[in-house]
Amino acid sequence: MKNISKLLWPTTCPFCFQANRTGICAACKVRLVALEIRETGCALCSKELSDEENELCCDCQREGRYFDGGTALWRHELPVSKSLYYFKYKNMRFLVGDYVGNLLCRKERILKEWCVDLIVPVPLSQKRRKKRGYNQSELIARQLGERMGIPVKEIAKRTKETRPQRTLDRKRRKRNVAGVFEVTEEVKEKRILIVDDIYTTGATIDELSQEMKKRGASKVYFLTVSIGQGN
Ligand SMILES: [Zn+2]
Ligand SMILES: [Zn+2]
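Per an unreviewed UniProt entry, the chain is named ComF family protein, and its organism is Ohessyouella blattaphilus. Quoted verbatim from the Sequence similarities (unreviewed entry) field of the UniProt record, the comment on the chain reads "Belongs to the ComF/GntX family."

Shown next, in the form of structure tokens:
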């Protein structure tokens, strides 16, 4: 199977799509280093802070959060943003093949610190999943779970169809996802890691975190591939 996919997808850099036998090309590697999320950001969501004096970003200060912490690999800028867009909307599943799984393992130290015992991907609605053929968050979650030896369970469901968050402003995003998730299993005393592709204002992940807490989770964290910038 691997060989077939190699024939179908001659090795290209998953970020700029130029032919490159070793995967991520040298130029993109340099760009990625500049986008890495460091531990100096918001104490809750890891977003870069505009004012170094603050411990929390404006969104986390303003909203209050149900999740207890979270982080991402990169800022949501080129070439990460384009790569994730293709992964999500252009059926280019191979993009998260090995590289995202391996790179997410860089967060091993913090995952150990959080003592995560269950990974839960952000669900798509049934309709959207059918149309897309896969849930990008689940693929990322499975890559991570396999490598880290942490179980992955799809215990979150969407109870109604919502508009895509990327088309809405902050206020509408929050309203759009209010009450949209159902957690189908008790997670008493569990430490949950929510996995998604992108964190923007945090509305979706926070809404799901709230449901996890209602079902008994003791802690909820998140890990995403990219995170938006600023407040
Ligand atoms: Zn490249
Ligand atoms: Zn924050």
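Moving on, we come to the UniProt feature "domain: Phosphoribosyltransferase" (unreviewed entry) in the chain. As annotated by UniProt and renumbered to match this structure, "domain: Phosphoribosyltransferase" (unreviewed entry) occupies residues 139–224. When the span residues 139–224 is considered, its composition is 35% helix and 24% strand, and the gap between its end C-alpha atoms is 12 Å.

Protein coordination at the zinc ion (ligand 2): the donors are Cys42 (SG), Cys45 (SG), Cys57 (SG) and Cys60 (SG), at 2.3 to 2.4 Å from the metal. Angles of 105 to 115° at the metal separate the four donor atoms of the zinc ion (ligand 2), which places the site in the tetrahedral class. Expressed as a motif, the donor residue spacing for the zinc ion (ligand 2) is C-x2-C-x11-C-x2-C. With Cys42 in the loop between α2 (26–35) and α3 (58–63) and Cys57 in the loop between α2 and α3, this pair connects stretches of sequence that are 15 residues apart.

This part takes up the coordination of the zinc ion (ligand 1). The coordination sphere of the zinc ion (ligand 1) contains the protein donors Cys13 (SG), Cys16 (SG), Cys25 (SG) and Cys28 (SG), at a distance range of 2.3 to 2.4 Å. If you list the donors of the zinc ion (ligand 1) from N- to C-terminus, the spacing comes out as C-x2-C-x8-C-x2-C. Given a relative accessible area of 22%, Cys16 falls into the partly exposed group. Classification of Cys25 as buried rests on a relative accessible area of 13%.

For the bond from Leu78 to Pro79, the omega torsion is 5°, close enough to zero to count as cis. For Pro79, the position within the fold is in the loop between β1 (69–75) and α4 (80–89). Residues other than glycine seldom take positive phi values, yet Phe17 does so here, at roughly 65°. Looking at where Phe17 falls in the secondary structure, it is placed in the loop between α1 (2–8) and α2.

Quick look at helix α10 (residues 203–214) now. In a regular helix each residue adds 1.5 Å, so twelve residues correspond to 16 Å; α10 covers 17 Å between its end C-alpha atoms and thus fits that length. Across the twelve residues of α10, ten count as buried, placing the element largely inside the fold. Of the residues making up α10, those classed as buried are Ala203, Thr204, Ile205, Asp206, Glu207, Leu208, Ser209, Gln210, Glu211 and Met212. Residues of α10 that are buried make contact with β2 (118–121), β3 (156–158), α9 (170–177), β4 (181–183), β5 (191–199) and β6 (219–227). Gly216 occupies a position one or two residues after α10 and carries a positive phi of about 105°.

What counts and what doesn't
- Residues numbered from 1 in each chain as written.
- Chains lettered and ligands numbered in written order.
- Predicted model: local features only at pLDDT ≥ 70, side-chain atom pairs only at ≥ 80, totals over all residues.
- Heavy atoms only, no water.
- UniProt positions renumbered as here; feature names shortened; annotations may be inferred.
- Helix = DSSP H or I, 4+ residues; strand = E, 2+ residues; numbered from the N terminus.
- Donors = N, O, S within 2.8 Å, 3.2 Å for Na, K, Ca; no water.
- Tetrahedral: all angles 85-135°; square planar, octahedral: opposite > 155°, others 65-115°.
- Buried < 20%, exposed > 50% of the residue type's maximum accessible area, 1.4 Å probe, protein only.
- Expected span 1.5 Å × (residues − 1).
- Contact = heavy atoms within 4.5 Å.

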